[in-house]
Amino acid sequence: MGHDVAARVGGRLGRTLLELGGNNAVVVLDDADMDLAMRAVMFGAVGTAGQRCTTTRRLIVTNEVADALEERLVRAYASVPTGDPLSEGTLLGPLIDEAAVQQFEVVMTRIQEEGGEILYGGRRVNREGFFVEPTLVRADASMSVVAEETFAPILYVLRVRDFDEAIAVHNGVRQGLSSAVFTRSVVAAERFLSAAGSDCGIANVNLGTSGAEIGGAFGGEKETGGGREAGSDAWKAYMRRQTCTINYGSDLPLAQGVRFDVE
């Protein structure tokens, strides 16, 4: 839809501000605060049942800490209260409709066909409504399903050797909305925020992907569409700049000091 809208508006040389898909990732390095990272990943992946443009879809974690983080996430996923989102204590509510549940089930089948391993969840919850289990999947970045956005609480765990590979995997999708890195290293943090790091419109350090911070310029790059909503310069996307000059005298000043004398 975004491609079609951009082409139609571009045909009349108009401008677009598009917020399309997101495939947001959290990178966790060896030196990260694991308690902080786990809480951020849980909220980003499970909060709003994964139905948020900035939901955490991919967890990219270095081999040294991957086993321990996986184990903690499996235990945490098993403890998530599911039910009426208006009830106190509920952390995981329903998907929006039956079609969303069916799409979730299709993706679960694809995950297994492509060689992914479901560490937790993966099923519809047997109760009235459109509920599914929070799902944790050990996956590989080469799996086609990992490169797609599914509006459901599915988190792909991707193991990498080092920060270089983490950035390559992070940037190796078509979308570019929100991103995060967890590290105690100032050097790693600065690299993630630089042109050599995250290619997303939003990049966070030791904070999850799911915020829409008040005052921040919100939007993404690549197939997320470009442009920014909110922030100090967002108004420019909705307005046109017009240069106005008013001559209060009887002389005719010309640009760049040009002389053009006529009788």
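Refer to the structure printed above.
Residues numbered from 1 in each chain as written. Predicted model: local features only at pLDDT ≥ 70, side-chain atom pairs only at ≥ 80, totals over all residues. Heavy atoms only, no water.

*Asks:* So what's going on with the overall build of the protein? Which residues, and what values?
*Replies:* Counting its secondary structure elements, the protein contains 6 helices and 9 strands. A compact globule built from 263 residues would reach a C-alpha radius of gyration of about 18 Å, whereas the protein, at 23 Å, exceeds it by more than 25%. For the protein, the proportion of contacts with a sequence separation of at least 24, taken over those separated by at least 6, is 66%. (Helix = DSSP H or I, 4+ residues; strand = E, 2+ residues; numbered from the N terminus. Rg over C-alpha atoms; globule rule 2.2 N^0.38 Å. Contact = heavy atoms within 4.5 Å.)

*Asks:* Can you lay out the side chain of T54 for me, pointing to particular residues and giving the numbers?
*Replies:* Tracing the sequence through the fold places T54 in the loop between α2 (34-46) and β2 (56-62). Look at T54 and you get buried, because its relative accessible area is 1%. A distance of 3.1 Å separates a polar atom in the side chain of T54 from the backbone oxygen of S210. Once residues lying within four places of it in the same chain are set aside, the contact partners of T54 are N24, L177, S178, T209, S210, G211 and F218. (Buried < 20%, exposed > 50% of the residue type's maximum accessible area, 1.4 Å probe, protein only. Polar contact = N/O pair within 3.5 Å; in protein donor to acceptor, adjacent residues only side chain to side chain.)

*Asks:* How would you summarise the pattern of salt bridges if you had to cite specific residues and measurements?
*Replies:* Should the charged atoms of two oppositely charged side chains come close, the side chains can pair. Evaluated as defined, the whole model comprises 17 salt bridges. R8 is paired through a salt bridge with D4; the nearest N and O atoms lie 2.9 Å apart. Linking R8 with D4, this pair stays in helix α1 (residues 2-10), spanning 4 residues, or about one helical turn. Of the residues examined, R8 reaches a relative accessible area of 63% and is grouped as exposed. D4 sits in the partly exposed class, given a relative accessible area of 37%. Of the charged contacts, one joins E149 and R57 as a salt bridge, the two residues approaching to 3.6 Å between their closest N and O atoms. (Salt bridge = Lys/Arg side-chain N within 4 Å of Asp/Glu carboxyl O.)

*Asks:* Can you lay out the packing of α2 against helix α3 (residues 63-78) for me, pointing to particular residues and giving the numbers?
*Replies:* Two elements in contact, α2 and α3, have axes whose closest approach is 11 Å; the angle formed by their N-to-C orientations is 50°. The angle between α2 and α3 falls in the class oblique. Between α2 and α3 the crossing geometry is right-handed. Of the residues in α3, those in contact with M34, D35, M38, V41, M42, A45 and V46 of α2 are V65, L69, R72, L73, A76 and Y77. In terms of residue class, the contact of α2 with α3 is built from 11 nonpolar, no polar and 2 charged. (Axes fitted to C-alpha atoms, helices over the stretch in contact; angles between N-to-C directions. Parallel < 35°, antiparallel > 145°, perpendicular 65-115°, else oblique. Left-handed = near helix turned anticlockwise from the far one by under 90°. Nonpolar A, V, L, I, M, F, W, Y, C, P; charged D, E, K, R; others polar.)

*Asks:* Break down the packing of aromatic side chains for me, with residues and values.
*Replies:* Describing an aromatic ring pair means giving the distance of the ring centres and the angle of the ring planes. Scanning the model with the defined rule gives 1 aromatic pair in all. Geometrically, the ring pair formed by Y77 and Y120 is edge-to-face, given 6.4 Å between the ring centres and 75° between the ring planes. Taken together, the positions of Y77 in helix α3 and Y120 in strand β3 (residues 117-120) put the pair 43 residues apart, joining distant regions of the chain. Directly above the ring of F131 sits R127, whose terminal nitrogen or CZ lies 4.4 Å from the centroid. Between R191 and the ring centre of F163, over which it is positioned, the NZ or CZ distance is 5.1 Å. (Phe/Tyr/Trp six-rings, centres within 6.5 Å; stacked < 30°, edge-to-face > 60°. Lys NZ or Arg CZ within 6 Å of the ring centre and 35° of its normal.)

*Asks:* Can you break down unusual backbone geometry residue by residue, with the values?
*Replies:* Notably, A49 is not glycine yet its phi reads approximately 55°, a positive angle. Relative to the elements of secondary structure, A49 occurs in the loop between α2 and β2. Of note in this structure, A230 is not a glycine but carries a positive phi near 65°. With respect to the element layout, A230 can be found in the segment after β9 (221-222).

*Asks:* Hey, could you go over the sheet that holds β3 for me, with residue numbers and the actual values?
*Replies:* Pairing in this open sheet of 7 strands is mixed, and the strands run β3-β4-β5-β2-β1-β7-β8 from one edge to the other. Every interior strand has two partners, whereas the edge strands, β3 and β8 (202-205), have only one. With strand direction ignored, the average angle separating the axes of adjacent strands in the sheet is 25°. Across 5 bridges, the pairing between β2 and strand β5 (residues 154-160) is parallel. Residue pairing across strands places L59 opposite V157, the latter belonging to β5. Of the strands in this sheet, β1 (24-28), β2, β3, β4 (135-138) and β5 are in contact with α3, which crosses β2 at around 140°. (Pairing = 2+ DSSP bridges.)

*Asks:* Please set out the nonpolar core residue by residue, giving values where relevant.
*Replies:* Ranked by internal contacts, the top residues of the largest apolar core, which has 57 residues, are V28, L59, L73, I154, Y156 and F163. Tallying contributions element by element places α2 first for this core, with 8 residues. Once residues within four sequence positions are removed from consideration, L73 is found in contact with M38, V41, M42, L59 and L136. (Core = buried A, V, L, I, M, F, W, Y, C linked by side-chain atoms within 4.5 Å.)

Distances and angles like these do not, on their own, reveal function.
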